[in-house]
Amino acid sequence: MERIPTFSKGGVHPDDKKVLSNGQAIERLPMPAELIVPLSQHLGAPASPLKQKGDTVAVGEKIGEASSFISADIHSPVNGTITDIRKITLANSVITDAFVITPDEENPLKEWEVQPYDQLSVKEMLDIVKDMGVVGTGGATFPTHVKLMVPKGKSVEALVVNGVECEPYLTADHRLMLEQTDMVLRGIMLVAKMTNPKKIIIGVENNKKDAIKALKDVVAANGYPITVMPLKVKYPQGDEKQLLKATINREIPSGKLPLDVGAVVLNVGTAFAIYEAIVLRKPLIDRVVTVSGEAMSTKRNLRAPLGAKVADLIAFAGGLDHDPDKFISGGPMMGFAFYDDQIPVIKGTSGILALDNGPSQKTPVSPCISCGRCVAACPMGLQPTKLYRLIDNRMYAEAMAMNLMDCKECGCCSYSCPAHLPLVHGMKLGKRLGRK
Ligand code: SF4
Ligand code: SF4
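Residues numbered from 1 in each chain as written. Chains lettered and ligands numbered in written order. Predicted model: local features only at pLDDT ≥ 70, side-chain atom pairs only at ≥ 80, totals over all residues. Heavy atoms only, no water.

### A closer look at the overall build of the protein chain
The following threshold applies: To qualify as a helix, a DSSP run of H or I must reach at least 4 residues; to qualify as a strand, a run of E must reach at least 2; elements of each kind are numbered from the N terminus. A radius of gyration in this sense is built from C-alpha atoms; the matching globule rule multiplies 2.2 Å by the number of residues raised to 0.38. Accessible area is worked out with a 1.4 Å probe on protein chains only. A residue is then buried under 20% of its type maximum, exposed over 50%, and partly exposed in between. Whether two residues are in contact is decided by their heavy atoms: any pair within 4.5 Å suffices. What sets the accessible areas is the Shrake-Rupley method with a 1.4 Å probe; for residues, cover comes only from the shown protein chains. Counted charges follow a simple rule, with Lys and Arg positive, Asp and Glu negative, and His plus the chain ends left uncounted. Here the site of a charge means atom NZ of a Lys, CZ of an Arg, CG of an Asp or CD of a Glu.
The number of helices and strands found in the protein chain is 13 helices and 17 strands. Whereas a compact globule of 436 residues would reach a radius of gyration of roughly 22 Å, the protein chain reaches 21 Å, a difference of no more than 12%. Counting all 436 residues of the protein chain, 55% fall into the buried class. For the protein chain, contacts bridging at least 24 residues in sequence account for 73% of all contacts bridging at least 6. Just so you have it, the protein chain exposes about 18900 Å², and 52% of that area is on carbon and sulfur atoms. Of the side-chain charges in the protein chain, 51 are positive and 47 negative, and the distance between the mean point of each set is 8 Å.

Written out as structure tokens, the structure is:
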């Protein structure tokens, strides 16, 4: 029997719960009455505002400009009027200024048409990706044009596309691969033109067999030089380090980046955004969001304008069936709990979950029993139990010396701990305080 690849060290197998929404085709969220569009939707410095209260804005118009090398432009998702600029707190606790936009009642959106793109140089394509505000849509939100700039003297051996979507409940990427197969693949071929890799691989976990087939069919029909690689289901395979180990058997050394081992990694949602940016000149102004969890009346995959409030998505999905234990933005393993349904969808929002059991369950904490499960589960080869003890005793320098900064905050340690110790929260705190 053919061996299905995966990464070797650590990892866990949470119930994937994808059946709740993976049969739900992508639907467009009706335009909400108000959008909240933050200036910080990406990793790096917030964008600088280009508009003021009272200004009218056109759909796709730049309203915030990247303010440093690691930053990204922000565009209006609608034709409308800026009614306010106010401070908001995002699900990840970032406090940022945000435009409050009232969409025009008539024609708030526009049709995007194909623009000439065949003759574009690599620099022109990179400039377009930057100008369209594209960032990684898998959750990391790193500005994509920076990632795609291959420094002189470096070459790309492999372009590895992340179709893993290993977080439980999330099915947005799955639906995108299934329903927009051609656009995702064309986006990948545009990235290949910009980075000139020797090989191109899309890694897709084996619980998305229909998407794997759709990708393989379109690759074969077009003769694309792309390998669609099914991967064994294991969390956190969507992380760059684990994905490169699984697909090209490369390990990224501590403190290094994929390019240091000859790889460029990007998400399928980002490839789709790159297609829209280069072919349609459409900025990143909307995205697919999975709305799921046991407490939701119905589970959906919604294409929502950035700035739509979580409450709008939940209402369109039929509202809550009952009070959830917890709301999460993103997946249950790495996402952020939130308490305010007025927070907006931003470029990295892959899911809105209303959970009442599973990984979010509140359980009493007991003392460590030295079982070693957290150590076995850690995909980074760290010793979570020792790190947690050091952090608990405020011995941050000692924790740093034990490679605390290599922690990916994947949550595998917390998930496996029978004592229910909040290990990943300890790691996050230790990293923050240890850096000072
Ligand atoms: S959260 Fe950090 S310490 Fe815990 S398993 Fe993941 S990488 Fe290891
Ligand atoms: S899994 Fe929990 S109980 Fe077991 S060694 Fe790690 S911290 Fe201790």
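### Considerations on the domain arrangement of the protein chain
What counts here: An automatic or database domain assignment supplies the residue ranges for each domain.
Domains assigned within the protein chain are domain 1 (30-112 + 283-359), domain 2 (113-280) and domain 3 (373-435). Computed over C-alpha atoms, the centres of domain 1 and domain 3 are 31 Å apart.

### Quick word on the packing of aromatic side chains
Quick reminder of the rule: Paired rings are identified among Phe, Tyr and Trp, the last through its six-membered ring, by centres lying within 6.5 Å, and are further divided according to the angle between planes into stacked (under 30 degrees), edge-to-face (over 60) and tilted (the rest).
By the definition in use, this model includes one aromatic pair. Their ring planes at 25° and their centres at 5.4 Å tell us that Phe 327 and Phe 338 sit as a pair that is stacked. Residue Phe 327 is found in strand β15 (residues 326-329), and its partner Phe 338 is found in strand β16 (residues 336-338); the two are separated by eleven residues along the sequence. For the pair shown, Phe 327 and Phe 338 are each scored as buried.

### Details of the pattern of salt bridges
Proximity of charged atoms lets side chains of opposite charge pair with each other. Convention followed: Any carboxyl oxygen of Asp or Glu within 4 Å of a side-chain nitrogen of Lys or Arg constitutes a salt bridge here.
For the coordinates displayed, the defined rule picks out 23 salt bridges. Between Lys 51 and Glu 61 there is a salt bridge, with its nearest N and O atoms 2.6 Å apart. Linking Lys 51 in the loop between β3 (48-49) and β4 (56-57) with Glu 61 in the loop between β4 and β5 (62-65), this pair joins segments that are ten residues apart in sequence. Of the residues examined, Lys 51 reaches a relative accessible area of 17% and is grouped as buried. For Glu 61, a relative accessible area of 25% gives the class partly exposed. Residue Lys 154 is joined to Asp 260 by a salt bridge in which the shortest nitrogen-to-oxygen separation is 2.8 Å. Of this pair, Lys 154 sits in the loop between α2 (144-148) and β9 (158-162) while Asp 260 sits in the loop between α6 (240-248) and β12 (263-267), placing them 106 residues apart in sequence. Classification of Lys 154 as partly exposed rests on a relative accessible area of 37%.

### Observations concerning the sheet that holds β5
In plain terms, the rule: Pairing between two strands is assigned when DSSP locates at least 2 bridges connecting them.
With antiparallel pairing, the three strands of this open sheet are ordered in space as β3-β5-β6. Looking at which strands have only one partner, the edges of the open sheet turn out to be β3 and β6 (74-75). As judged from the two bridges shared by β5 and β6, these two strands associate in the antiparallel manner. Residue pairing for β6: Gly 64 is matched across the bridge by Ile 74.

### As for the pairing of strand β7 (residues 80-89)
As defined by bridge partners, β4 adjoins β7 across two bridges and the pair is classed as antiparallel. Each residue of the ladder has a partner; that of Val 57, found in β7, is Gly 80. Judged from the nine bridges that link them, β7 and strand β8 (residues 95-103) form a sheet pairing that is antiparallel. Looking across to β8, one finds that Ile 85 is bridged to Phe 99. Between β7 and β8, which pair antiparallel one after the other, the connecting turn spans five residues, and Ser 93 there sits at a positive phi close to 75°.

### Let's talk about the nonpolar core
Basically, it comes down to this: Residues belong to one nonpolar core when they are buried, are Ala, Val, Leu, Ile, Met, Phe, Trp, Tyr or Cys, and are joined through side-chain atoms within 4.5 Å.
Counting residues in hydrophobic clusters, the biggest one holds 81 residues, and the most contacted among them are Ile 188, Ile 202, Ile 274, Ile 278 and Leu 313. In contact with Ile 188, other than residues within four places in its own chain, are Leu 159, Val 161, Ile 200, Ile 202, Ile 226 and Ala 271.

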